[in-house]
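In case you want the letters, here they are:
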Amino acid sequence: MRYLFSLAWLTIGLAVASEPGGDRGREEAAEADRLCATELSHWRLTSGGIVVATPEESVLRWTNPFAGRVYGNTYVWLQNGRPIAASCLFRYFDPYRSFNGEFVALCGTKLVAKRNDAVVWQPKDEWQWHPVLGAATPAATAAQRLVQMRALAGEFTVEIIDTRNFSKGEDQRPRLLPKPLYRYDAQQTKTLDGALYAFVLGTDPELLVLLECDTAKANPEWRFGVGQMNRYQICLKRKGETVWEVAENKGNGPDSAYRFIDIGLPRRKTKP
């Protein structure tokens, strides 16, 4: 697996260490990490009836000080070296006390997610590819294509209207992480090349953009697809022009491409 974002946990560590109560932050982050790892083992994903391997590790450990004391992990689910779904598990300590999960379908088809053998998420196949209009032809080498993808990802901007604390909404502008969460594994994808980028608040993913090309085509072209990791109104722009948007959707159902789940905190063991 070619996970390229390796500095996020260091960033979190530096952030909590530099604040008053840094020890508390480290302890909470460690607790969230353990909780996420345990929870992940309860989940199973299939695509087209084929079992998808559960991610062995997080691609991103994150925090979001704008939202409170919250720590989470992002996982990418792969089929034949290609991202087909992503999930975040996260633990709130303040202003909420909760443990939640969110799942988003990428380019997978007929996805079914089970938790402890119960179907929790079965999204409709709504994934769409969009052409990256005016983009240069994919380069000849993988290294050159990675440079191209980073430049293309930088052409996008994200706008969110978050109504969590204000009824009229709060404007948010997530930033692009400079390195992709995942780069395609050429040994498995063969002629397909691509990378999954995240737009974040703090280091918390709010929107995912998947860039891809097929180098075997006579006239290869770049294309992109979008995965939301937020329940609020989101607008994706490229060079100032809206190319994708979604309305606020707090009541997403089990067949939605994006699924928010209140998992609940484990019960504390009481002494006999």
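Residues numbered from 1 in each chain as written. Predicted model: local features only at pLDDT ≥ 70, side-chain atom pairs only at ≥ 80, totals over all residues. Heavy atoms only, no water.

> How should I be thinking about the state of the cysteines in this particular structure?
By definition, a disulfide links the sulfur atoms of two cysteine residues through a covalent bond. For the coordinates displayed, the defined rule picks out zero disulfides. Here Cys36 is not cross-linked by a disulfide; its sulfur's nearest cysteine counterpart is in Cys88, at 9.0 Å. By relative accessible area, Cys36 is classed as buried at 0%. (Disulfide = S-S within 2.5 Å. Buried < 20%, exposed > 50% of the residue type's maximum accessible area, 1.4 Å probe, protein only.)

> Would you mind showing me how to read the sheet that holds strand β19 (residues 258-262) here?
Strand pairing in a sheet relies on backbone hydrogen bonds. The paired strands run either parallel or antiparallel. Ordered by their spatial adjacency, five strands build an open sheet running β3-β4-β5-β6-β19, and the pairing between neighbours is antiparallel. This sheet does not close on itself; its edge strands, each paired only once, are β3 (60-63) and β19. Averaged over all neighbouring strand pairs, the angle between strand axes comes to 20°, with direction disregarded. Sheet analysis places β3 next to strand β4 (residues 69-79), joined by four bridges and oriented antiparallel. The partner of Leu60 across the bridge, within β4, is Thr74. (Pairing = 2+ DSSP bridges. Helix = DSSP H or I, 4+ residues; strand = E, 2+ residues; numbered from the N terminus. Axes fitted to C-alpha atoms, helices over the stretch in contact; angles between N-to-C directions.)

> I keep staring at the side chain of Arg238 and nothing clicks. Help me out?
Of note, Arg238 is situated in strand β17 (residues 233-238). Take Arg238: its relative accessible area is 11%, and that puts it in the buried class. Setting aside residues no more than four positions away along its own chain, Arg238 makes contact with Val132, Leu133, Ala135, Leu152, Glu155, Phe156 and Val243. (Contact = heavy atoms within 4.5 Å.)

> What should I look at first to understand the pairing of strand β15 (residues 204-214) in this one?
Remark: a regular strand shows side chains that alternate across the two faces of the sheet. With respect to burial, β15 is a largely interior element, 10 of its 11 residues being buried. Pairing between strand β14 (residues 192-201) and β15: 10 bridges, direction antiparallel. Looking at the pairing, Gly194 lines up with Glu212 of β15. Connecting β14 to the next strand, β15, in antiparallel fashion are two residues, including Gly202 with a positive phi near 70°.

> Is there a simple way to explain the pairing of β19 in this structure?
Most of β19 is tucked away, with four of its five residues classed as buried. Pairing of strand β6 (residues 98-105) with β19, which is carried by five bridges, proceeds in the antiparallel orientation. Counted as the bridge partner of Val104 is Tyr258 from β19.

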